[in-house]
Amino acid sequence: MHRFAFRPARQPVLRLRPPSAKLPIEASISANDRFKRTFWPTFRVAIVGAVAAHFMIFEVMPRFDVATLAVAGEVMAAVDLPPEVKIPPPPQQIARPAVPRVTAVEVSEDLTIAPTTFEDNAVENLGPPPAVVATADDRPEFIPYTVAPRLRNREEVLALLREVYPRPLRAAGIGGTVLLWIYVNEEGDVRDTRVAESSGYEGLDQAAKAVASAMHFSPAMNRDRVTAVWLSQPISFEVLN
């Protein structure tokens, strides 16, 4: 019968020994001490070398002298300022003319008009029509404009002119020219009419005012703004053979 015995292996024994006291002196000096020993000699040699190098540079390099530079300048002259320009204030807005009012007149029913015929009053026997001219007070104020209005319904106005021509005057061959002042608003419609120069016949004057009231214009312009204006408009009645 075999017997087995287990024997643990022996490990070597570590023995710590104190450092030897007989080490060289240089081994015991630190790096900081060695740097302090070599710094000052090296620093002195570097300072002496730098001074010698600068001295040689100043001796070899050429010298710089200060040159005199001439400075040229313009002579300033005093100039009188122009007088102050005074800008006038803008013109005051022109007042719009008042629209005349028509008042009703009562007519008596007993009033009669004697019958009149052209045979009793021939045209050859009639005198010249009276020259009726408006006074300065009736003249409307001028409204400035840069673009004049233009008549748009010319054909309609010509047709109305033939329609409102008084038949008795047309049959008698009586015509004339009426000069009107017409007020055209911003939309181009006629809002007021005044007789500047009469034709001498009340019928022609009233017919001319009826024709002017039906006129329609393109609006007048004062620079870039639409404006109402007063226009001088002649209207002629002629009998064509």
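So, here is what we can say about the structure in this document. (Residues numbered from 1 in each chain as written. Predicted model: local features only at pLDDT ≥ 70, side-chain atom pairs only at ≥ 80, totals over all residues. Heavy atoms only, no water.)

**Some details on the nonpolar core**
Inference 1: Counting residues in hydrophobic clusters, the biggest one holds 28 residues, and the most contacted among them are L180, I182, V184, M215, F217, I235 and F237.
Inference 2: Taken together, the elements giving at least two residues each to this core come down to α2 (154–164), β1 (176–184), β2 (190–197), α4 (202–213) and β5 (229–237).
Inference 3: In terms of residue count, β1 provides more of this core than any other element does, six residues in total.
Inference 4: Non-local contacts of V184, meaning those with residues more than four positions away in its chain, are made with D189, V190, F217, A228, V229 and L231. (Core = buried A, V, L, I, M, F, W, Y, C linked by side-chain atoms within 4.5 Å. Buried < 20%, exposed > 50% of the residue type's maximum accessible area, 1.4 Å probe, protein only. Helix = DSSP H or I, 4+ residues; strand = E, 2+ residues; numbered from the N terminus. Contact = heavy atoms within 4.5 Å.)

**A short note on the side chain of N153**
Inference 1: Turning to its location among the elements, N153 is positioned in the loop between α1 (31–60) and α2.
Inference 2: Assessed through its relative accessible area of 13%, N153 is described here as buried.

**Some points on the layout of surface pockets**
Inference 1: Volume-wise, the largest pocket comes out at about 600 Å³.
Inference 2: Lining the largest pocket are 17 residues, and of these Q93, I94, I143, N222 and T227 sit closest to its centre.
Inference 3: When grouped by side-chain class, the residues that make up the lining of the largest pocket number eight nonpolar, four polar and five charged. (1 Å grid on protein atoms, 1.4 Å probe; cavity = no way out; pocket = protein on both sides within 12 Å on 5 of 7 lines; lining within 4 Å. Points joined across faces, edges and corners; volume = space filled by probe spheres on them. Nonpolar A, V, L, I, M, F, W, Y, C, P; charged D, E, K, R; others polar.)

**Quick word on the pattern of salt bridges**
Two side chains bearing opposite charge may form a pair once their charged atoms approach each other closely.
Inference 1: Under the definition given, this model contains two salt bridges.
Inference 2: Measuring nitrogen to oxygen at the nearest pair gives 3.8 Å for the salt bridge that ties D189 to R191.
Inference 3: Judged by relative accessible area, which is 24%, D189 ranks as partly exposed.
Inference 4: Between D192 and R194 there is a salt bridge whose closest N-O contact spans 3.6 Å. (Salt bridge = Lys/Arg side-chain N within 4 Å of Asp/Glu carboxyl O.)

**Quick word on the sheet that holds β2**
The strands that make up a sheet are held in pairs by hydrogen bonds between backbone atoms, and each pair lies either parallel or antiparallel.
Inference 1: The strand order across the open sheet formed by three strands is β2-β1-β5, and the pairing between neighbours is antiparallel. On the outer flanks of this sheet lie β2 and β5, each paired with one strand and no other. In this sheet, neighbouring strand axes are inclined to one another by 30° on average, regardless of whether the strands run parallel or antiparallel.
Inference 2: Note that β1 and β2 share six bridges and pair antiparallel. Along β2, the bridge assignment pairs L180 with V195. (Pairing = 2+ DSSP bridges. Axes fitted to C-alpha atoms, helices over the stretch in contact; angles between N-to-C directions.)

**Quick notes on the packing of α2 against α4**
The axes of two packed helices give the description: the angle between them and the distance between them.
Inference 1: It is at 9 Å that the axes of α2 and α4 come closest, and there the two elements cross at 155°. The pairing of α2 with α4 is recorded here as roughly antiparallel in orientation. For the crossing formed where α2 meets α4, the hand is right-handed. Residues V157, L160, L161 and V164 of α2 form the contact with α4, whose own contacting residues are A207, A210 and V211.
Inference 2: Across the contact of α2 with α4, the residue classes tally to seven nonpolar, no polar and no charged. (Parallel < 35°, antiparallel > 145°, perpendicular 65-115°, else oblique. Left-handed = near helix turned anticlockwise from the far one by under 90°.)

**Structural notes on the environment of G188**
Inference 1: Looking at the element boundaries, G188 is found in the loop between β1 and β2.
Inference 2: For G188, a relative accessible area of 0% translates into the label buried.
Inference 3: In sequence terms G188 and A228 are 40 residues apart; their C-alpha atoms lie 8.0 Å from each other.
Inference 4: Ignoring anything within four residues of it in the chain, the contact list for G188 reads M215, H216, F217 and P219.

**What about the packing of aromatic side chains?**
Inference 1: In this structure the tally under the stated criterion is six aromatic pairs.
Inference 2: Summarising the aromatic geometry, the rings of F39 and W40 are spaced 5.1 Å apart at their centres and angled 75° between planes, so their arrangement reads as edge-to-face.
Inference 3: Take W40: its relative accessible area is 48%, and that puts it in the partly exposed class.
Inference 4: Relative to F237, the ring of Y165 lies with its centre 5.2 Å away and its plane at 65°, an arrangement referred to as edge-to-face. Of this pair, Y165 sits in the loop between α2 and α3 (167–171) while F237 is found in strand β5, placing the two residues 72 residues apart along the sequence.
Inference 5: A relative accessible area of 6% places Y165 in the buried class.
Inference 6: Among the aromatic residues, ring-to-ring pairing joins F39, W40 and F43 into one connected group. (Phe/Tyr/Trp six-rings, centres within 6.5 Å; stacked < 30°, edge-to-face > 60°.)

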